[in-house]
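Inside the fold
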Amino acid sequence: MALVKTKIGRRAFIRNTGLAGGGLVLGFNWLASCKMTPEEVATLPEEWYDLNGFLKVGDNGMVTIMSPNPEIGQNVKTAMPMIVAEELDVAWKDVIVEQAPLNTDIFTRQLAGGSQSIRQGWDGLRMAGATGRHMLKEAAAAQWQVPVNEITTSEGMLHHKASGKSAGYGEMASAAAALEIPEEVELKESKDYKIIGTDRKNVDGPKIVTGEPLFGLDIQREGMLIAMIVHPPAFGMKLKEIQTEGIKSMPGIKDVFPIVAYPEDAQRQWSDGGAIPELAVVVGNSTWECMQAKKALQVTWEQASEPESSAYHREALANLLSKAPEKPARKDGDVEKAFSRAAKVVESVYSAPFLAHNTMEPMNFFAHVTPDKAELLGPIQTPEFLEMTLESVLGMPKEKIDIMMTRMGGGFGRRLYGTFAVEAAVISQKMQAPIKLVYTREDDMTQGTYRPSYMVKYRAALDENDNLIAWHVRGAGTNDDLVFENRFPAGAVENYLAEKTGLSSNVTTGAWRAPRSNFIAGAEQAFMDEVAEAAGKDPIEFRLELFDRAINNPVGDPEKNDYDPERYAGVLKLVREKANWKGSDSGGKARGVAAYYCHNSYVAQVMDLSMQGNTPKIDKVWCAVDCGIVINPLSAKNQIEGGIVDGIGHATYSALTFEDGKPQQQNFDTYRLIRNVEAPKEIETFFVDNGIDPTGLGEPSLPPIQGALANAMYKATGRRYYHQPFINNRPPLVG
């Protein structure tokens, strides 16, 4: 074991005495309607003892481990406790997992986004478990009057070999809880892991499949009312007035009124992106009654800014690409000279539309605001930033604001922006009643916070020997600048120019699974294949030659580059081996390859497909991943597979367009998502075992698959796919 200092500080291990003595076991009873089984009751200790903010040990040896970060399907509620349990050295069967509430005194970065939960929490979670183990050893050493370094642990048991004494953690929990937090702890070496690296099922799995309440929409409270909102029908409009006559007398309706969710003097956080300050609100007894009232409600809107259409966005982005920005994001060598003397120039433009998030669970949040406190409960990726906004909007100190997180039915970036939770709190404050705000699918799909629309232009120059001598990328996005100037092939091409710019738009945008990468990776990798073909080279060999340059003779300062070329090349070589790559055709199937780095991880993919008319039929995807230590392989494969299916579906079918500021797709009858039969028949995933600390995993498999798809479709059809969606948008088929 390695001796390390407690780097995250004592603050992370403050004892939360409010959880002692049987505390709030959220995994069993945080919702009144979630009843414990007799078997679950029998396993609970009579007394709990807190060792630090992450864990507590029961007098019978059961251990409760707090999962601090929001759970949006990435399975951190299983993986994060696995890390703590590993260092605590407890049997996984004896672990109860709780979803921790927002507590900035104990936990740091209680945020789900950027595929960073495990990466950012790795050290702190390990130390939390190791600290608990050390305190239990100290308690045993004191009771047995032996040196602490002679105490060993295994699966929740303490042993002293020389004396033959043993005890369960539960026997020492009370004494351990009274000890001081140690300044130094021993961490396990990866070779000694028993839990990390093994398949563990989702801790919420039984509750999910049996329908027990876990999600925000499940919340029921005595006296709770339902609220629904009406926001502008088009971007560039604001509320003028509402006609409430006859609405308040409709069945079940309690009130109808306008609200200002965000006063002008409110201190907004970045997580308030997409907020619509003024809305119309309907409050009633049920969602059905509120929906009927919404349909009957007459709302007048006025134009506040120029309405925008998709035709305008396309033209404006194209205009931005036609001229160089004032200053390049990165420039190596003499790009202009290289293009002027090139024997061959390859040039292509790629584009992608706005996309909605379309989480399975619609936006919702529970709020009960009284003059004394604010209680909020619901699906949110950014609870800490929500608390900051509420402090300003409600005029209430954060010490009186209590935010708890439910499991989320999807996030993909949408629930980074907690405007719906702010709306729920403001409505509750006005109604002086507990409120559950519920969005319809149309409410969410037309509200905004979309994946931006993008356009990017690539140019590559080849010399007379078909060597790549120059690379130029210029990208633009709506409210976004798109290009990652220090990613591959930066550092691998002698003459390199990256330029980026953005189009200001009143259509609100935000993070969408793997921001920016979700488009530029596919475009870059499709263009990479086009250049390889122009050079007469195998697409994998072409990429590996560039990586060799970045490894052995990098251009410029290699420290500026975002990526490690050896790890990047490693996943490409691994997928080449596993897919038995011998070129772009395999047994009558068209093959495409792509590789990309994002969220600190490396992914390479090979896809086999055939075309049925205009539609790709995907037979298999091979995927190689370097994300460092894999905590839970079962969950990790699920994340990789989900990202692949998600990326294929949106690149092939999805688009959100506008006419005079109004979204033209408002539900799934017009917004096309991938269907089960269109997913790959098989996905095979391979993880690089290198012992490096964990990096991101929830997002990295999505971006490159779009490039592999475009390249395979080119091999199958003989034409390049430059503009998403690759297949014309159409409603889903029936049946």
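So, a few notes on the structure that sits alongside this text. The structure displayed is predicted, hence computed values, not measured ones. All chains use their own residue numbering, which begins from 1 and follows the written sequence. Local features in this predicted model are restricted to residues whose pLDDT is 70 or higher, and side-chain atom pairs enter the listing and the counts only when it is 80 or higher, whereas totals over whole chains, interfaces and linings include all residues. No hydrogens and no water enter the side-chain calculation; it runs on all heavy atoms of the structure.

Here the focus is the overall build of the protein. In this description a helix means any DSSP run of H or I spanning at least four residues, a strand means any run of E spanning at least two, and both kinds are numbered starting from the N terminus. Broken down by element type, the protein carries 17 helices and 30 strands. Whereas a compact globule of 735 residues would reach a radius of gyration of roughly 27 Å, the protein reaches 28 Å, a difference of no more than 12%. Along the three orthogonal principal directions, the C-alpha set of the protein runs to about 80 × 80 × 50 Å. Categorising residues by exposure relies on relative accessible area from a 1.4 Å probe, with only protein chains included: less than 20% of the type maximum marks a residue as buried, more than 50% marks it as exposed, and the intermediate range marks it as partly exposed. The buried share among the 735 residues of the protein stands at 60%. Any two residues having at least one pair of non-hydrogen atoms within 4.5 Å are treated as being in contact. Considering only contacts in the protein between residues 6 or more positions apart, those separated by 24 or more positions represent 78%. Accessible surface computed for the protein: about 28,800 Å², of which carbon and sulfur atoms make up 48%. Just so you know, the count uses Lys and Arg for positive and Asp and Glu for negative, and it drops His and the chain ends. The atom standing in for a charge is NZ when the residue is Lys, CZ when it is Arg, CG when it is Asp and CD when it is Glu. Of note, the protein has its 77 positive side-chain charges centred 3 Å away from the centre of its 95 negative side-chain charges. Here the globule rule reads 2.2 Å times residues to the power 0.38, and the radius of gyration is calculated from C-alpha atoms. In this description, accessible areas are obtained by the Shrake-Rupley approach with a 1.4 Å probe, and a residue is regarded as covered only by the protein chains that are shown.

Taken in spatial order, the four strands of this open sheet run 2-3-4-5, and their pairing is mixed. If you trace the sheet from one side to the other, it starts and ends with strand 2 (48–52) and strand 5 (95–99), each paired once. Along the sheet, successive strands turn relative to each other by an average axial angle of 25 degrees, direction set aside. We call two strands paired when DSSP finds no fewer than two bridges between them. Sheet topology places strand 2 next to strand 3 (residues 55–58); four bridges connect them, and they run antiparallel. Its bridge partner being in strand 3, Y49 is matched across the sheet by V57. Running over the sheet, helix 4 (residues 117–144) touches strand 2 and strand 3 and is turned about 120 degrees from strand 2. The angle between two axes is taken between their N-to-C directions and runs from 0 to 180 degrees, where each axis is a line fitted to C-alpha atoms and a helix contributes only its stretch in contact. Along the sheet, helix 5 (residues 169–177) contacts strand 2 and strand 3; its crossing angle with strand 2, the most-contacted strand, is approximately 60 degrees.

The terminal C-alpha atoms of helix 8 (residues 310–321) lie 17 Å apart, and with 12 residues this matches the ideal 16 Å at 1.5 Å per residue to within 8%. Burial in helix 8 covers these residues: S310, H313, A316, L317, L320 and L321. Taken down its axis, helix 8 places every buried residue within 140 degrees of arc, on the same side. Here the buried face of helix 8 lies against strand 16 (344–352), strand 21 (454–462), strand 22 (468–478), strand 23 (495–503) and strand 28 (658–659). Here the expected length of a helix is defined as 1.5 Å per residue gap, with one fewer gap than residues. In this context, the arc is that of the directions from the helix axis out to the C-beta atoms.

Further remarks concern a negative patch on the surface. On the surface, E264, D265, E278 and E302 cluster together into a negatively charged patch. Tracing the sequence through the fold places D265 in the loop between strand 12 (253–260) and strand 13 (278–284). Candidate patch residues must exceed 30% relative accessible area and have no salt bridge, after which like charges are joined if within 9 Å and Val, Leu, Ile, Met, Phe, Trp or Tyr side chains if within 5 Å. The salt bridge definition used is simple: a Lys or Arg side-chain nitrogen within 4 Å of an Asp or Glu carboxyl oxygen.

Let us now look at the pattern of salt bridges. One pass over the structure, following the stated rule, counts 38 salt bridges. Between R407 and D204 there is a salt bridge whose closest N-O contact spans 2.9 Å. With R407 in the loop between strand 19 (401–405) and helix 11 (419–431) and D204 in the loop between strand 9 (184–187) and helix 6 (205–210), this pair connects stretches of sequence that are 203 residues apart. Like D204, R407 is buried. A salt bridge links R330 to D332; its shortest N-O distance comes to 3.0 Å. When its relative accessible area of 3% is taken as the criterion, R330 is described as buried. Using a relative accessible area of 8% as the deciding quantity, one classes D332 as buried. Each member of the salt-bridge network shares a partner with another, and the members are D480, D481, E485, K500 and R516.

On to the packing of aromatic side chains, then. Note on aromatic pairs: the rings of Phe, Tyr and Trp (six-membered ring only in Trp) are paired at centre separations within 6.5 Å, and the planes decide the class, stacked below 30 degrees, edge-to-face beyond 60, tilted for the rest. Throughout the structure, instances matching the rule amount to 23 aromatic pairs. Ring geometry for Y454 and F519: centres 5.7 Å apart, planes at 10 degrees, overall stacked. Taken together, the residues Y454 in strand 21 and F519 in helix 13 (residues 517–534) connect sequence positions 65 residues apart. F519 matches Y454 in its accessibility class, with the two residues each being buried. One aromatic cluster in this structure is built from F488, F547, Y563, Y568, Y597 and Y602. A cation over an aromatic ring shows up here: K430 above the ring of F257, its NZ or CZ 4.9 Å from the ring centre. Sitting over the face of the ring of Y714, R720 holds its NZ or CZ atom 3.4 Å from the ring centroid. The rule is short: NZ of Lys or CZ of Arg within 6 Å of the ring centre and within 35 degrees of the ring normal puts a charge over the ring.

The next subject is the side chain of D646. Tracing the backbone shows D646 in helix 16 (residues 633–653). Leave out the neighbours within four places in its chain, and D646 touches F412, R513 and L702.

Mapped onto the elements of the fold, Q99 is located in strand 5. Since its relative accessible area comes to 6%, Q99 is described here as buried. In this structure the side chain of Q99 is engaged in a polar contact, spanning 3.1 Å, whose partner is the backbone oxygen of S67. Whenever a nitrogen or oxygen atom comes within 3.5 Å of another N or O atom, the pair is scored as a polar contact, on the condition that within protein one atom can donate a hydrogen and the other can accept it, and that pairs from neighbouring residues in sequence are kept only if both atoms are in side chains.

Here A523 is to be found in helix 13. Here A523 falls in the buried class, since its relative accessible area comes to 2%. Expressed as a C-alpha distance, the spacing of A523 and P703, which sit 180 residues apart in the sequence, is 9.5 Å. Residues contacting A523, with those up to four places away along its chain left out, are Y350, V456 and Y458.

To continue, consider helix 11. With 13 residues, helix 11 ought to run about 18 Å at 1.5 Å a step, and its terminal C-alpha atoms sit 18 Å apart, in line with that. Most of helix 11 is tucked away, with 11 of its 13 residues classed as buried. Here helix 11 has its buried residues at T419, F420, A421, V422, E423, A424, A425, V426, I427, S428 and M431. Backbone geometry just after helix 11 places Q432 at a positive phi near 55 degrees.

It is worth spelling out the packing of helix 10 (residues 383–393) against helix 11 at this point. Interaxial distance between helix 10 and helix 11 falls to 10 Å at its minimum, and their mutual angle equals 35 degrees. By crossing handedness, the relation of helix 10 to helix 11 is classed as right-handed. Residues L386, T389, L390 and V393 of helix 10 pack against A421, V422, A425 and V426 of helix 11. Under the scheme applied, nonpolar residues are Ala, Val, Leu, Ile, Met, Phe, Trp, Tyr, Cys and Pro; charged residues are Asp, Glu, Lys and Arg; polar residues are all the others, including Gly. Here the residues of the contact of helix 10 with helix 11 are counted per class, giving seven nonpolar, one polar and no charged. By definition, any crossing whose near helix is turned counterclockwise from its far helix by less than a right angle is left-handed, and any crossing with a clockwise turn is right-handed.

A separate point is the sheet that holds strand 19. Strand order across the open sheet formed by seven strands is 12-13-10-20-17-18-19, with mixed pairing between neighbours. Every interior strand has two partners, whereas the edge strands, strand 12 and strand 19, have only one. Adjacent strand axes in the sheet meet at a mean angle of 20 degrees, parallel and antiparallel pairs treated alike. Along the sheet, helix 10 contacts strand 17 (364–369), strand 18 (374–378) and strand 19; its crossing angle with strand 19, the most-contacted strand, is approximately 150 degrees.

Let's shift gears to the nonpolar core. We call a set of buried residues a nonpolar core when its members are Ala, Val, Leu, Ile, Met, Phe, Trp, Tyr or Cys and they connect through side-chain atoms within 4.5 Å of each other. Counting 81 residues, the largest nonpolar core has W471 and M607 as its most contacted members. In contact with W471, other than residues within four places in its own chain, are Y458, R459, A460, P489, V493, N495, Y496, L497, E524, F527, M528 and V531. Within the second largest apolar cluster, 47 residues are counted, among which are M80, W92, F107 and A141.

The side-chain alternation of strand 7 (residues 157–160) yields one buried face, formed by L158 and H160, and one unburied face, formed by M157 and H159. Of the strand pairs in this sheet, strand 6 (residues 151–154) and strand 7 are connected by four bridges, and their pairing is antiparallel. The partner of S154 across the bridge, within strand 7, is M157. In sequence, strand 6 turns back onto strand 7 through a hairpin of two residues, with E155 there showing a positive phi of about 50 degrees. For strand 7 and strand 8 (residues 165–168), the ladder comprises four bridges, and the chain directions are antiparallel. In the sheet register, H160 faces strand 8, and the bridge partner there is K165.

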